[in-house]
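Here is how the chains run, residue by residue.
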Amino acid sequence: MASFILVLLLTILCTVPVHASKQLRFNKNGEFRILQVADMHYANGKTTPCLDVLPQQVASCSDTNTTAFIRRLIFAEKPDLIVFTGDNIFGFDTTDPVKSMNAAFSPAISSNIPWAAVIGNHDQESTLSRKGVMKYIVGMKNTLSQLNPPEALGIDGFGNYNLEVHGIENSRLVNKSLLNLYFLDSGDYSKVPSIPGYDWIKPSQQLWFQQTSTKLQRAYMNEPEAQKSPAPGLVYFHIPLPEYASFDSSNFTGVKQEGISSASINSGFFATMVEAGDVKAVFTGHDHLNDFCGDLSGIHLCYAGGFGYHAYGKAGWSRRTRMVVASLEKTDEGVWGTLKSIKTWKRLDDEHLTAIDAQVLWSKMGARRKKHIGHF
Ligand SMILES: *[C@@H]1O[C@H](CO)[C@@H](O)[C@H](O)[C@H]1NC(C)=O
Ligand SMILES: *[C@@H]1O[C@H](CO)[C@@H](O)[C@H](O)[C@H]1NC(C)=O
Ligand SMILES: *[C@@H]1O[C@H](CO)[C@@H](O)[C@H](O)[C@H]1NC(C)=O
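A quick note: this is a predicted structure, and the numbers were derived from the prediction, not measured.

(A) Representation of unusual backbone geometry. Here the bond from Glu223 into Pro224 is cis, since omega is -5°, no more than 30 degrees from zero. Checked against the element boundaries, Pro224 lands in the loop between helix H5 (203–221) and strand S7 (233–236). The phi dihedral of Asp52 falls on the positive side, at around 50°, and the residue is not glycine. In this structure, Asp52 sits in the loop between strand S2 (31–37) and helix H2 (63–77). For Asn112, which is not glycine, the phi dihedral falls at a positive 65°. Relative to the helices and strands, Asn112 resides in the loop between helix H3 (97–111) and strand S4 (115–118).

Below you can see the structure in the form of structure tokens.
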């Protein structure tokens, strides 16, 4: 009886759309634009100094420069979603984490653009626990962040969830998720005494990811409007995977100016994603001086580069951000189809918000070509 009620409850929870009114959709231009903000390291605002800026910049620089940078980016890029990939606040220097989060996320909130966040390894260093920080974020205005999926009881971490991006209003794909976004908590530090260093994505989280990916692929490839291959997925979290060390300047776009600060063991999440088959790119932060993107086994592993002024950086090397734009195909009859391409570039916090390192992360044509080569 008890298990029957539980199943019933789970069924209700899973069928009621949690954010019915806030369903993400491709915009009227057939695009979905994502602004990634990595490592704001926000503390107390005006009184918090900037790190690693030029000597002549020190006096006029504070957390408010981080805020100004987000505002300018929102105006220039007009994103459909803003994603904060952790170390949103620098807990160690934060007097009041609630005040810091209110200030750090305020440009996103006042823009009325939906936003999503995960946490890094510094967000909980003030008076709120990791759960406390994530719970507070989930209650903020205009956010689509979630504490954890209701069906994944006992999952590790806080802030594991997924978001679906549906087709354009009034199109035939209005009820299909054409792009899937996954958010995971990559933790802070290892709790296993024999393994030093940073935390990793746990088996419980990988199981949830795998089941969610399977469920989404099934829905996409079944009627109505059954599709032949899975909808592309993008994954956002804070700490890079060990596989980020697979590249050098001959096979990535961007720069690597410091080591890869991943966990010291490999928990296998990269293999889990390759097996799932829908993920095209992973976006992390954590290493502020690395901003590259490289392709390993069909998955691009990307950094955003350091964003915040109270985060370590490199004087004279602009703070930066990563944009991702997914575009839909339009048929000859002018009907919107499924995804055509996923592109990325970075924007620098200079006078002109200079865009650099534009690259294609995935294209439908490229995927088709690969499939054909595979058949020979
Ligand atoms: C920080 O903002 C102030 C005020 O707008 C500006 O004068 C200064 O150049 C900015 N500093 C940096 C490093 O961008
Ligand atoms: C999409 O779903 C809504 C609500 O269930 C339904 O009314 C509508 O007919 C569906 N549209 C298409 C094109 O499938
Ligand atoms: C990148 O190139 C280096 C050699 O310069 C090679 O060792 C490495 O395996 C390459 N990585 C990938 C992912 O192709």
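(B) Fine view of the site of ligand 3. Lining the immediate environment of ligand 3, one finds Ser246, Phe247, Asp248, Ser250, Asn251 and Leu296. Considered class by class, the residues forming the shell around ligand 3 number two nonpolar, three polar and one charged.

(C) Broad picture of the sheet that holds S2. Within the open sheet, the six strands sit side by side as S4-S3-S2-S12-S13-S14. Their pairing is mixed. Edge strands, defined here as strands with exactly one partner in the open sheet, are S4 and strand S14 (355–363). Sheet twist, expressed as the average angle between the axes of neighbouring strands with direction ignored, equals 20°. Taken together, the six bridges between S2 and strand S12 (residues 320–330) define a ladder with antiparallel strand orientation. Bridge assignment links Leu35 to a residue of S12, and that residue is Met323.

(D) Representation of H3 within the structure. Given a rise of 1.5 Å per residue, 15 residues ought to cover 21 Å, and the 22 Å separating the end C-alpha atoms of H3 matches this to within 8%. Most pronounced at Phe105, the bend in H3 amounts to some 55°, and the proline Pro107 follows within four residues. Those residues of H3 that fall on the buried side of the exposure criterion are Pro97, Ser100, Met101, Ala103, Ala104, Phe105, Pro107 and Ala108. Structurally, H3 contributes buried residues whose contacts are with H2, strand S3 (81–85), S4 and helix H4 (130–138). One or two positions beyond H3, positive phi appears at Asn112, with a value near 65°.

(E) Region of interest: the pairing of S12. Alignment of S12 against strand S13 (residues 336–348), held across ten bridges, turns out to be antiparallel. Its bridge partner lying in S13, Met323 is registered against Trp345. Counted between consecutive antiparallel strands, the loop separating S12 from S13 contains five residues, among which Gly334 sits at a positive phi close to 80°.

Calculation rules
- Once a new chain begins, its residue numbering starts again from 1 and follows that chain's sequence as written.
- All chains are assigned letters beginning with A, and all ligands numbers beginning with 1, in the order in which they are written.
- Per-residue local features are limited, in this predicted model, to residues with pLDDT of at least 70; the limit for side-chain atom pairs, both in listing and counting, is 80 or more; totals at the level of whole chains, interfaces and linings are taken over all residues.
- The way it works is that DSSP assigns letters per residue, a run of H or I at least four long becomes a helix, a run of E at least two long becomes a strand, and they are numbered from the N terminus.
- To decide whether a residue is near a molecule or strand, its C-beta atom is placed from the backbone and checked for lying within 6 Å of it.
- Ten residue types, Ala, Val, Leu, Ile, Met, Phe, Trp, Tyr, Cys and Pro, are classed as nonpolar, four, Asp, Glu, Lys and Arg, as charged, and the remainder, Gly among them, as polar.
- Two strands are said to pair when DSSP picks up at least two bridges between them.
- Note on geometry: axes are lines fitted to C-alpha atoms, helical ones only across the stretch in contact, with angles between N-to-C directions running from 0 to 180 degrees.
- The span you would expect from a helix comes to 1.5 Å times its residue count less one.
- What is called the bend at a residue is the angle between a pair of axes, fitted to the seven residues leading up to and ending at it and to the seven starting from it.
- Buried residues are those with 20 or more other C-beta atoms within 10 Å of their own C-beta, exposed residues have 12 or fewer, and partly exposed residues lie in between; C-beta atoms are placed from the backbone.
- Note on contacts: residues are paired as contacts if their backbone-placed C-beta atoms lie within 7 Å.

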